[in-house]
Structures are given as C-alpha cells and as structure tokens.
Amino acid sequence: MRRIRTKPVALGIALLAALPLSLTAPATAATTADATADVTVEEGRQTQTAPQEILRRSGFDAWEREFGRGLARVATYPEARRYVRSEGRALWRRAVDRAQGRGPAGGDLSRDDDRPLYWARLGMTKELRQWQPDFGLTASQRTALLGSLERGSRGQDSIELPAGKHVLRIVVTGFDPFQLDADARRSNPSGAAALALDGTTVRTASGRPARIETAVFPVRWADFAEGTVERTLLPHFRGGARQADLFTTISQGRPGRFDVERTNGAWRGGYPDNVRESRTETVPIPAGVPTVRPQPQWTATSLPYARIVAAGTGPYPVVDHTAVTEIPAGDTEPVERPDGPTPGSTARAGGGGDYLSNEIAYRATLLRDAVRPALPGGHLHTPVLEFGADNTDPSSGRVTDPDFVRNRVAITDQVRAIVTVAASEVARG
C-alpha cells in the first residue's frame, strides 16, 4: 500500500503521480475516536457526497438503516452478540455475491466495486457506536460488538478451507480504500480482488483444483498492533487437515505494474492511516501469538517469484522487487539497497515501503516463520487504480468511469492469474 497524490491541474488534466512507498508523515495527525465516541474519523467521511452516491448506486445504502432498526429490537447483550455477528457476516457475503454476479446488482454501479462494502460497514459501525439499549451496555461490551462486526464484515472469521489432499488451499487478503481525505471516491483494487476471489476455485497447470478464501483488512495502525492479522491468519497457518498451502497478502502499490515484494521490514514509517493516526516505530508484535525471538529486522517472501515474473499473467508487467531501505550495521543513517538488506542492518523500509502493506507482509511472513516455515507466501503489490484522464479532479469528478472500471477488472483478472501460477508451482511440488 502506497500513498497516492494528484498533481495540480496545470494543463487541464490531473494525473496520478508515482511516489516512493516510504512515506513522510505530516507534522500533526488526529487520532481515532474510541468505541464510545459519536463517530470515528472514517465514519465522519461516510456522509460526504461521493460515499453516499456509491452506496445509493449499489443498493448498499439500506444496510445502515436496516441494521439500526434491528438493533432497536435487541433486548439483551447475548442477543446483541448474535445479531451483530450475523449482520457483519451477511454484509460480507452480500458484497462477495455482488462482486461475483449473484443476486441483484442493486443499482448501476459496476459489480466489481469494493467501495460499497467499505462505506456500508462504516454506516453500521456508526449505528452500533451510537446505540443506547435499554438494558445498558458497558464500554467493553460495545468494543467487543464493534470487533465482531469488523471481523464478520471483512471475511476474517469466515475463512473456510476445504479438507482433503485433492485440493490446494489458498488464503488471499486485501485492504480497504485509503487516502480518502484527498479523494473520497478512491477504491482499492486489492479489496476488489478479495471480493472477486473469495470462495472461488482455480485450476492449476496440472489440473489440480485450488480453493481461494479471502479477507480484507483496515488501513489502521492500531488494529495491526492489536493483532488483527495474526488473529485472522494463525488458524490457517497451523498444521491440520484444512491448513493453507499458499498465502499472499495484496495491496495497491505503484502505477502501471505489479510487484512481488522480496523482503519485508520491521519498521513503521508514520504516514497517517484512515483515522489520521501516525505511528513511527518498530513493528509491535502482540502478546500471545507465536513469533520469532529475537524479533528479526527482515522477513522474506517464499512465493515462487521467478515463476510469477516469467509467466504471462496479463497486461501489466510483474516485477521481482528487491530494493529496501536500511541502516547498515554500525551506521546511523538510512541508505537504499537495490538488492536487499545487508547482514546486521536495521530496517527502515521493506520492498513494500514502510506503510501497512509492508507491515501486513512482515506480520504474515513472521507468523509463517514461527509456525510453518515451509509454507509458501508473501506480498503482491497491484498497480495503482486510476480514474479516466477526464475524471481525476475529486472536486468535480464522477465516482466511476469506464476506464476506472476497466482498470480494476484488469487488475483483478491478473491477480487471479498470478495466484494460479503460484498455486501451480505449489502443486508441482
């Protein structure tokens, strides 16, 4: 995941510009609201014109209202737990079904769009945050309900890999849209790919089927520090009849190309997240999860990157990306290394930068190293999803256009092809 910036409209057209994946944080950043506040920063954006149009044109505008009505009928906390969990999962399933062509479209917004899920979830969390039931609700109970809604509506607690040796099992993750203060219309192709791939089966080169299960993660430092990645992935990394045979975390990266990130760094660069919170520190590992001690500065991909790069998977080039930023052993200043870290160095940016895409890659591969080092997995950066050339100004632009849809579909199709190539290598043994 990388920052996206729009150039000034000096020539009448605004272009999306490529910037380094390591980001510099502004001098100040607001913090997220707690579970008892009226709204969070993210929820506050949901009432803007673009999000409301996205919800209306997808049919997802009803979720907030119907969820609030259902909460009003809840009489006990155990009932609330069941209702919130069920509704969170229902939202995820509806978003997956819509993306995969099942059920009503709900409007004229293209089915491949990931944004209705994001904005509908925020409407539901806002309703839950403001809910004042007659039976009383403690702050810790409300926090637990919000967590359940988040997990269910992201597919994090419904990953169901099949058993049996005849099928390969693959876990794929994506992200929410981000940098929405600059443009609330933004989509994240990694999230769109997760919706399109969840529960689907691809056929490897040998003919062996590979089942894909997906989840989506928030663009929030705090959630990562609290263990959302490890909590979601650990049950599928551990050995067993339904253990994953392959995983890849995915996020949006650089314009015009895919990157298979070779190395991940243990550093948070501090750029503000979706709640305008900034963290600059070593990646914190939550208590109670398996990990490697002492904490390593670097982890590496175990995806078959050479095979992926060589395969013709789609219109975008795929790059074996090896560069990192490090402080060499015995030095104090960071330097860029085009071919990976040197022995004893301190991480300042992995191949995927120093934002949350690097962090999910680091966390997932560190967890792999702690519980199943032989498990193939790593991180894939997609191209930046661009609007059409006549639709780049967020102040006057449309929420969608033909180029925007075509680019997102092309990225999703190529993600599917890349995952299939990786699965074919695993099947080859």
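The paragraphs below set out a description of the structure included in this document. If you're wondering where the values come from, they're calculated on a predicted model, not measured in any experiment. Throughout, residues of each chain are indexed from 1 in the direction in which the sequence is written. Local features in a predicted model are, by the rule used here, given only for residues with pLDDT of at least 70; side-chain atom pairs are given and counted only at 80 or more, and totals for whole chains, interfaces and linings are based on all residues. Just so you know, side-chain values use all the structure's heavy atoms and leave hydrogens and water out.

Here we take up unusual backbone geometry. Cis geometry marks the peptide bond from Arg 293 to Pro 294; its omega dihedral reads -5 degrees. When you line up the elements, Pro 294 lands in the loop between strand E10 (280–282) and strand E11 (298–300). Not every positive phi belongs to a glycine, and Gln 179 is a case in point at roughly 55 degrees. Mapped onto the elements of the fold, Gln 179 is located in the loop between strand E3 (168–175) and helix H7 (189–197). Using a relative accessible area of 11% as the deciding quantity, one classes Gln 179 as buried. You will see that Arg 276, though not glycine, has its phi angle at about 65 degrees, which is positive. As for its placement among the helices and strands, Arg 276 is situated in the loop between strand E9 (267–269) and E10. Every helix listed is a DSSP run of H or I at least four residues long, and every strand listed is a run of E at least two residues long, numbered separately from the N terminus. Categorising residues by exposure relies on relative accessible area from a 1.4 Å probe, with only protein chains included: less than 20% of the type maximum marks a residue as buried, more than 50% marks it as exposed, and the intermediate range marks it as partly exposed.

Paired through backbone hydrogen bonds, the strands of a sheet run either parallel or antiparallel to each other. Here 3 strands make up an open sheet; going across it, the order is E14-E13-E15 and the pairing antiparallel. Only two strands of the sheet have a single neighbouring strand rather than two, namely strand E14 (335–337) and strand E15 (346–349). Going from strand to strand, the sheet's axes swing by 45 degrees on average, the running direction of each strand aside. Any two strands with at least two DSSP bridges between them are considered paired. Across 3 bridges, strand E13 (residues 324–327) lies against E15 in antiparallel orientation. Bridge assignment links Thr 325 to a residue of E15, and that residue is Ala 349. The convention used is that axes are lines fitted to C-alpha atoms, helices contributing only their stretch in contact, and that angles between N-to-C directions extend from 0 to 180 degrees.

With that settled, consider the packing of aromatic side chains. Stacked, edge-to-face and tilted are the three classes for Phe, Tyr and Trp ring pairs, Trp counted by its six-membered ring, which pair at centre distances within 6.5 Å; planes under 30 degrees apart are stacked, over 60 edge-to-face, the rest tilted. Applying the stated criterion to the full structure yields 12 aromatic pairs. Their ring planes at 80 degrees and their centres at 5.8 Å tell us that Tyr 271 and Tyr 355 sit as a pair that is edge-to-face. Of this pair, Tyr 271 sits in the loop between E9 and E10 while Tyr 355 is found in the loop between E15 and helix H11 (356–371), placing the two residues 84 residues apart along the sequence. We note that Tyr 271, like Tyr 355, is buried. When the ring of Phe 387 is compared with that of Phe 404, the centres are 4.1 Å apart and the planes differ by 5 degrees; the resulting orientation is stacked. Residue Phe 387 is found in the loop between strand E16 (377–382) and helix H12 (402–428), and its partner Phe 404 is found in helix H12; the two are separated by 17 residues along the sequence. Using a relative accessible area of 1% as the deciding quantity, one classes Phe 404 as buried. Among the aromatic residues, ring-to-ring pairing joins Phe 178, Trp 221, Tyr 271 and Tyr 355 into one connected group. Taking the ring centre of Phe 387 as reference, the NZ or CZ of Arg 185 above it sits at 4.0 Å. Charge over a ring is defined by NZ of Lys or CZ of Arg lying within 6 Å of the ring centre and within 35 degrees of the ring normal.

This part covers the nonpolar core. For our purposes a nonpolar core is just a set of buried Ala, Val, Leu, Ile, Met, Phe, Trp, Tyr and Cys residues, chained together by side-chain atoms within 4.5 Å. Of all hydrophobic cores here, the largest spans 36 residues; its most connected members are Phe 67, Val 84, Leu 128, Trp 131 and Leu 145. Among the secondary structure elements, those contributing two or more residues to this core are helix H2 (49–56), helix H3 (62–72), helix H4 (77–99), helix H5 (115–130), helix H6 (139–153) and H7. The dominant element in this core, judged by the number of residues it contributes, is H4, at 9 residues. Excluding residues that lie within four positions of it along the chain, Phe 67 makes contacts with Tyr 83, Val 84, Glu 87, Met 124, Glu 127, Leu 128 and Leu 149. In this structure, Leu 303, Ile 308, Leu 385 and Ile 411 belong to the second largest nonpolar core, which totals 27 residues. For this analysis, residues touch if any pair of their heavy atoms sits within 4.5 Å.

Next up on the list: helix H9 (residues 228–237). Burial analysis of H9 places 8 of its 10 residues in the buried class, which makes it a mostly covered element. Elements that come into contact with the buried residues of H9 comprise E3, strand E5 (209–217), helix H8 (221–225), strand E6 (246–252) and H11.

With that out of the way, let us pick up the packing of H3 against H5. One can describe the packing of H3 onto H5 by two numbers: an axis separation of 8 Å at closest approach and a directional angle of 25 degrees. Viewed along their axes, H3 and H5 adopt a mutual orientation that is roughly parallel. The two elements H3 and H5 cross, and the hand of that crossing is right-handed. The residues of H5 that touch H3, namely those facing Trp 63, Glu 64, Phe 67, Gly 68 and Leu 71, are Ala 120, Gly 123, Met 124, Lys 126, Glu 127 and Leu 128. Tallied by class, the residues present in the contact of H3 with H5 amount to 6 nonpolar, 2 polar and 3 charged. Working definition: roughly parallel below 35 degrees, roughly antiparallel above 145 degrees, roughly perpendicular at 65 to 115 degrees, and oblique for all remaining angles. By the definition used in this description, the sense in which the near helix is turned from the far one sets the handedness, with an anticlockwise turn below a right angle giving left-handed and a clockwise turn giving right-handed. When residues are grouped by polarity, Ala, Val, Leu, Ile, Met, Phe, Trp, Tyr, Cys and Pro land in nonpolar, Asp, Glu, Lys and Arg in charged, and all others, Gly among them, in polar.

Ordered in space as E4-E5-E3-E6-E16-E7-E12, the 7 strands form an open sheet in which the pairing is mixed. For this open sheet the edge positions go to strand E4 (201–203) and strand E12 (318–321), each flanked by a neighbour on one side alone. Along the sheet, successive strands turn relative to each other by an average axial angle of 30 degrees, direction set aside. For E6 and E16, the ladder comprises 6 bridges, and the chain directions are parallel. Considered in E16, the bridge of Phe 247 is made with Gly 377. In the packing of H9 onto the sheet, contacts are made with E3, E5 and E6, and the angle to E5 comes to roughly 165 degrees.

By secondary structure assignment, the location of Thr 280 is in strand E10. Judged by its relative accessible area of 52%, Thr 280 falls in the exposed class. The spatial distance from the C-alpha of Thr 280 to the C-alpha of Asp 354 is 9.3 Å, given a sequence separation of 74 residues. In this structure, Thr 280 is in contact with Trp 267, Arg 268, Gly 269 and Gly 270, ignoring residues within four places of it in sequence.

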